[in-house]
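Descriptive structure summary
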Amino acid sequence: MFFTSYEFIGFIAALFLLYYRIPKKYQWMLLLAASYVFYFMAGADALIYILVTTVTTFFTACKIEENETRQKIYLKEKKEELTREEKKEYKDGQKKIRFRWLIFCILLNIGILAVVKYANFAISNVNDILDAVGKKQQISYVTLILPMGISFYTFQAVGYLIDVYRGTCAAEKKLLRFALFVSFFPQLIQGPISRFGNLSKTLYKEHFFEGKTVAYGLQRMLWGYFKKMVIADRILAGVNTIICDTSTYNGAYIFVGMIFYTIELYADFTGGIDITIGIAETMGIQMEENFIRPYFSKSLKEYWQRWHISMSSWFRDYIFYPVSVCKPMLNLLKFSKKQLGDRVGKRLPVYVSSFLVWLATGIWHGASWNFIVWGLANWIILMISEELEPWYEKFHKRFSVKGKMSFRLFQIGRTFLLICILNLFDCYTSLADTFGMIRSMFTAQNWQILWDGSLLSLGLMALDYGILTVSVTSLIAVSLFQRSGSVRDQIAAKSYPIRFCAWYGLFLLVLLLGVYGIGYDASQFIYNRF
Amino acid sequence: MKQKTEYGKKAVLSIAAVGISLFLLQRLLVPKYVDDVVEGAFIREYYKEEKDFDVIFVGDCEVYENFSPAVLWRDYGINSYIRGSAEQYIWQSYYILEDTLRYEMPKAVIFNVQSLQFENAQSEAYNRMTLEGMKWSPSKVNAIRASMKPEEQFLDYVFPLLRYHTRWSELTSSDFAYLFRTKRVSHNGYYMRVDVKPAENVPEGRPLKDYSFGENAWKYLDLMRELCKKNDIQLILIKAPSLYPHWYDQWDEQVADYAGKYDLAYLNFLELADEIGIDYSKDTYDAGLHMNLSGAEKLSGYLGAYLTEQAGMKNRKGEEKLCEIWEEKLEAYEEEKQRQYQFYGIKEDFNERSSCD
């Protein structure tokens, strides 16, 4: 069931009607049932995977918390009897036990993810190596189903487990309630990766029908559908034309293609998240924001603080921080300080930790070298920017450009183009194609295609360009309005006829300009494949 | 209380505004099938008729372009109607017949067997042209279900606006002119063409791997036969004399066997073409695919005689009310003929007769 299918809209409508009619204490159970129905419809075979993750994470978290509680009771009881050293020894022993539980469960779940998602990628690389060393033997590929949303729910479950281990959140005591946290259906398609501490605040609460909350949720969904169906799925034709034929479409076409793709990615992903958050909102559930106007970022670092926030914060909290303070890294810090001096030495472990984070981010995005190189390219640019920071500062002071509107616009434009180029790694399936296309863009002789009508041969007509121009301008305008507060609040403050015209007008735009129906190849949300 | 009334007012006004605007949008965006692809209008025109027909034709273009109910009335007093549409599949013909029987009980049903070759719907556009014209009934629901291609959605038939939402960019003056009204485009389901394009170099049929008709096709022919039997209606199978798409001998044998097995009449007009006097250099407007007016009137003349002599159809020209209806219809028929003769620059050689002489 895609978000854009009639079945999904019917499913949501039926669920919504039931949700506010049943006794409030059963609402979360209804959501759990709905989530499993949703998951079942995406493939009954995949249910086993989400069940294993749910059950193992739930019991491990309970076990960890139980151990922690037992430790506290024991220490309280033996407060007078044990020496300080004995207490420490006992604590360390218990911590080791908890750590073993934690590692076992993480390895199991990440292992499942690794096998179903990366087994064939690994086999392909082994085969390449065997081929390179002249061995004729090849390993056969395996046929495994890739359960929907496995990366999202695995990360969510692992995050929860680490939080329980760290004591930043209490373990959920009821298996079914925890099952809802892992499987909550709106976020299964493409995230966000929710934190238990945040989502559980409203997920299990009893919700009464509130006109404003429901209206806001529906408005958010409508805006999401506008982004997905009017912009992303329309521009998709142009993107596909360009990336599917590298021999015809190169040079300046790549410049056009990367901008198209960057617009599509934004409209598709943020549109999907708007629908997700909107659905939850109609049922009184608050989810975290995943984007804060990312294309207005003035640097790549800022971009990653505003794009897919739930993913980048997950990598920061559960990989970067633990790796940065792990024993080998502290040893490296000592070593590098000694060898390279204080100033350079203290930065080396940070760079190594960042490297691991970006390697993991690349791998998480897909089983392909393209994504790995994409992750590492991000890392290199971020590290270079970090190193050049003092030089930037000097430049800003020397030319007094900091804070100037024109310079801010330059920074935004520069960052946007950088993101566009990095996105090319996502477009092409092979590294050779990607680098070839990037090179062709810089050696292009065909810039006339921008004005000689060639762009009309990309599967987009003049009318499509018109619709896209107006729609993307609306996106930018809404983003600008968001700076001064919620756009929905601003519209809600207007008179009823204006509010009605605004939202019904948006509905009609989706209805009439949306790309759907016969001839429309129901394209998945891009982040669905992760 | 006052606030509640205020909310109520807003809700009623909003619902009304949404309902009216969506209704108007849907009316505007659905194809009107009046000036361009008129085939899409045939099925719906039936509902405007005084439903008292002796003979109902069901089938694809091989019925609505090859037989003229006007001639059957004019020459034999047989009141007939063609419920045919472009590439109308056999399951659609069955459900359209079922739909027809909700309104009347004809004495005979004539089914053109060309569509037996299809097991599944081939084109969404043709599905639309046939099914959209049907009035909502269980027959229509079943017809849609039986016809839908994998990429089609039932909801698109319930709310055609969802299907035609992109037509706003191709609207013509017809879409506005026929927003709330329509005009007749057929003559009792007959699509008239007077122009001539001789049949030359008609391609031979490609050899097929398997000449057997599929299970689905037979199933609906059985259902049609049983429906007719249950309602005491004669089922007459015909194959119109269209030279293309090719009608294979192996197909013909299967139909002849079926007709023999169930004691049904089967007229293969391809074999009767010489006897009827079909001249493929003059009687077709598209190189042998379909008859033009001249060919259709020859065929109808032959069929009228058959229906009178072999199927026991009575001449109803003595019925005053029917005569009045046909008087008007024949007038429109003649007018259209003259208009087309003029348009194509063809000299008329048709002897006009009164509708009730």
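Residues numbered from 1 in each chain as written. Chains lettered and ligands numbered in written order. Predicted model: local features only at pLDDT ≥ 70, side-chain atom pairs only at ≥ 80, totals over all residues. Heavy atoms only, no water.

1. As for the overall build of chain B
A count of helical and extended segments in chain B gives 15 helices and 5 strands. In terms of C-alpha radius of gyration, chain B reaches 22 Å, essentially the compact-globule figure of 21 Å for 357 residues. Its C-alpha atoms give chain B principal-axis dimensions of roughly 80 × 50 × 40 Å. The buried share of chain B, reckoned over its 357 residues, is 54%. Taking the intrachain contacts of chain B between residues at least 6 apart in sequence as the baseline, contacts between residues at least 24 apart amount to 82%. Here chain B displays about 17,000 Å² of accessible surface, and carbon together with sulfur accounts for 51% of that area. Both charge centroids of chain B, one from 44 positive and one from 59 negative side chains, sit 9 Å from each other. (Helix = DSSP H or I, 4+ residues; strand = E, 2+ residues; numbered from the N terminus. Rg over C-alpha atoms; globule rule 2.2 N^0.38 Å. Buried < 20%, exposed > 50% of the residue type's maximum accessible area, 1.4 Å probe, protein only. Contact = heavy atoms within 4.5 Å. Areas by Shrake-Rupley, 256 points an atom, 1.4 Å probe, with all protein chains shown as cover. Lys, Arg positive; Asp, Glu negative; His and termini not counted. Charge placed at Lys NZ, Arg CZ, Asp CG, Glu CD.)

2. Concerning the pairing of strand E1 (residues 55–59) of chain B
Two faces make up the sheet, and in a regular strand the side chains alternate between them. Residue and element names in this part refer to chain B. With 5 of 5 residues buried, E1 lies mostly within the body of the structure. Going residue by residue along E1, you find Val55, Phe57 and Gly59 tucked away on one face and Ile56 and Val58 tucked away on the opposite face as well. One ladder, built from 5 bridges, connects E1 with strand E2 (residues 80–84); its direction is parallel. Note that in E2 the partner of Val58 across the bridge is Arg83. In the sheet, E1 pairs with strand E3 (residues 108–112) via 4 bridges, with the strands oriented parallel. Bridge pairing in E3 links Ile56 to Val109. (Pairing = 2+ DSSP bridges.)

3. Regarding the packing of helix H4 (residues 69–76) of chain B against helix H14 (residues 293–309) of chain B
Residue and element names in this part refer to chain B. At a closest axis distance of 9 Å, the pairing of H4 and H14 adopts a crossing angle of 55°. Relative to H14, H4 is oriented oblique. In this structure, H4 crosses over H14, and the sense of that crossing is right-handed. Note on element contacts: H14 touches H4 through Glu297, Ser300, Gly301, Leu303, Gly304, Ala305, Leu307 and Thr308, opposite Val71, Leu72, Arg74 and Tyr76. (Axes fitted to C-alpha atoms, helices over the stretch in contact; angles between N-to-C directions. Parallel < 35°, antiparallel > 145°, perpendicular 65-115°, else oblique. Left-handed = near helix turned anticlockwise from the far one by under 90°.)

4. A word on the domain arrangement of chain A
All names here are of chain A. Per the domain assignment, the segments making up chain A are domain 1 (28–206), domain 2 (210–287 + 429–530) and domain 3 (306–427). Where domain 1 abuts domain 3, roughly 1,400 Å² becomes buried across the two surfaces, and 63% of that area is made up of carbon and sulfur atoms. Viewed at the interface, domain 3 and domain 1 are joined by 1 salt bridge. The closest approach of N and O atoms between Arg195 and Asp317, which form a salt bridge, is 3.0 Å. Counting the contacts that link domain 1 with domain 3 gives 11 residue pairs in polar contact (both at pLDDT 80 or more). Elements with a contribution of two residues or more to the side of domain 1 that touches domain 3: helix H4 (84–132) and helix H5 (150–166). (Domains from an automatic or database assignment. Buried area = accessible area lost by both parts, 1.4 Å probe. Salt bridge = Lys/Arg side-chain N within 4 Å of Asp/Glu carboxyl O. Polar contact = N/O pair within 3.5 Å; in protein donor to acceptor, adjacent residues only side chain to side chain.)

5. A closer look at the nonpolar core
Phe185(A) and Leu307(B) are the most contacted members of the largest nonpolar core, which totals 206 residues. Per-element accounting of this core gives the leading share, 17 residues, to helix H9 (residues 252–282) of chain A. The residues contacting Phe185(A), other than those within four sequence positions of it, are Phe8(A), Phe11(A), Ile12(A), Leu15(A), Ala34(A), Ser35(A), Phe38(A), Ile279(A) and Met283(A). (Core = buried A, V, L, I, M, F, W, Y, C linked by side-chain atoms within 4.5 Å.)

6. Structural notes on unusual backbone geometry
In this chain, Gly191(A) is followed by Pro192(A) through a cis amide linkage whose omega measures 5°. Note on placement: Pro192(A) falls in the loop between helix H6 (175–183) and helix H7 (196–203). Cis rather than trans, the peptide bond between Tyr244(B) and Pro245(B) has omega equal to 0°. With respect to the helices and strands, Pro245(B) occurs in the loop between strand E4 (234–239) and helix H12 (249–262). The phi dihedral of Ser400(A) falls on the positive side, at around 45°, and the residue is not glycine. Relative to the elements of secondary structure, Ser400(A) occurs in the loop between helix H15 (369–399) and helix H16 (405–427). The phi torsion at Glu87(B) lies on the positive side, around 45°, for a residue other than glycine.

7. With respect to a negative patch on the surface
Residues and elements named next belong to chain B. Residues Glu320, Glu324, Glu327, Glu328, Glu331 and Glu335 make up a contiguous surface patch of negative charge. Its location among the elements puts Glu327 in helix H15 (residues 320–344). We classify Glu327 as partly exposed; its relative accessible area is 41%. (Patch = residues over 30% accessible without salt bridge, like charges linked within 9 Å, V, L, I, M, F, W, Y side chains within 5 Å.)

8. Description of the sheet that holds E3(B)
Residues and elements named next belong to chain B. Spatially, 5 strands are ordered E2-E1-E3-E4-E5 in an open sheet, and the strand pairing comes out parallel. Two strands bound the open sheet, and with one partner strand each, they are E2 and strand E5 (265–268). Adjacent strand axes in the sheet meet at a mean angle of 20° when their direction is disregarded. Sheet topology note: the E3/E4 ladder contains 5 bridges and is parallel. Bridged to Ala108 within E4 is Gln234.

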